[in-house]
Amino acid sequence: MQDLSRGALRIAITPTFTTYLLGPLIKAFHTRYPSLTLSVQEMSQEQMEKQIFDDEFDVGIAFEDVQSADIDTQTLLIETLALVVSKHHPLAKQAAIDLPTLNAQSLVLLSREFATREQIEHYCRQHDIAPNVLMEANSLSAVIEMVRHTQLTTLLPSNIAHNYDELVAITLAPSLLQRTAVLLQRKGAYQSAATKAFVALAHEVCSNTVESKALFFK
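None of these values were measured; they are calculated from a predicted model. (Residues numbered from 1 in each chain as written. Predicted model: local features only at pLDDT ≥ 70, side-chain atom pairs only at ≥ 80, totals over all residues. Heavy atoms only, no water.)

**Q** When you look at the packing of aromatic side chains in this model, what are you seeing that I'm missing?
**A** Aromatic rings in a pair are described by how distant their centres are and how their planes are angled relative to each other. Going through the model one piece at a time under the given rule, you end up with 4 aromatic pairs. With a centroid separation of 5.2 Å and an interplanar angle of 40 degrees, the aromatic rings of Phe-17 and Phe-63 are classed as tilted. In this pair, Phe-17 sits in helix H1 (residues 15-20) while Phe-63 sits in strand E3 (residues 59-63), placing the two residues 46 residues apart along the sequence. One exposure class covers both Phe-17 and Phe-63, and it is buried. Their ring planes at 55 degrees and their centres at 5.1 Å tell us that Phe-29 and Tyr-33 sit as a pair that is tilted. (Phe/Tyr/Trp six-rings, centres within 6.5 Å; stacked < 30°, edge-to-face > 60°. Helix = DSSP H or I, 4+ residues; strand = E, 2+ residues; numbered from the N terminus. Buried < 20%, exposed > 50% of the residue type's maximum accessible area, 1.4 Å probe, protein only.)

Here it is in structure tokens:
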């Protein structure tokens, strides 16, 4: 059926996007297509690529470093990571920090099964710095709680900090830590009306995000 009066959609998403992107996207989709059923699962990108290839999901949201040649990608937005600190941290009033300051930090990071950790380590190697990683956790909520209640810092998408009154995002300058968010779909897969509608809406919501971050920070 192509009229969107009914149908189902299976979505996979990597963890950091669930914190600031999933809510507005699902709200917009449900408002526009209230009769469609959604199933959403959070997982690593490696697992996501496999399950999309096996037709267990219709679409995924992850990063551009796709390993499988059988997966098509569409760019959604450029995401910037920042140093995230408690509002009581000595750096909390800084708008930006340089690389030597970042190098002097004690960090809590997501564990190595997350793409975010790999991207952070690549950035540090690229700029020849080695901040002290004192703690790690396998959930984003755990990392956020550790930062909220200690003087430790972390590196996360700047959008996440704006969802918490107790957190502050500090820009890394002059070299931004950025990555590209993409939609993943299996090459040659059947495109249902629900899938097409979700893909179109994801581009619309992410375009609004780039134009005005207020969409997510209300």
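**Q** Explanation requested: the nonpolar core in the structure shown.
**A** Side chains that are nonpolar tend, in soluble globular proteins, to be buried together. Core analysis: the biggest nonpolar cluster contains 40 residues, and Phe-17, Phe-29, Ile-61, Leu-76, Leu-156, Leu-183 and Phe-198 have the highest contact counts within it. Ranked by residues supplied to this core, first place goes to helix H8 (residues 193-211) with 8 residues. With residues up to four places along the chain from it excluded, the contact list for Phe-198 reads Leu-9, Ile-11, Leu-25, Ile-26, Phe-29, Val-59, Ile-61 and Leu-183. With 18 residues, the next largest nonpolar core counts Leu-83, Val-85, Cys-124 and Leu-155 among its residues. (Core = buried A, V, L, I, M, F, W, Y, C linked by side-chain atoms within 4.5 Å. Contact = heavy atoms within 4.5 Å.)

**Q** So what exactly am I meant to see when it comes to unusual backbone geometry here?
**A** With omega at 0 degrees, the peptide bond leading from Ala-173 into Pro-174 counts as cis. Within the fold, Pro-174 resides in the loop between strand E9 (167-172) and strand E10 (177-186). You will see that Asp-55, though not glycine, has its phi angle at about 65 degrees, which is positive. Secondary-structure assignment places Asp-55 in the loop between helix H3 (45-53) and E3.

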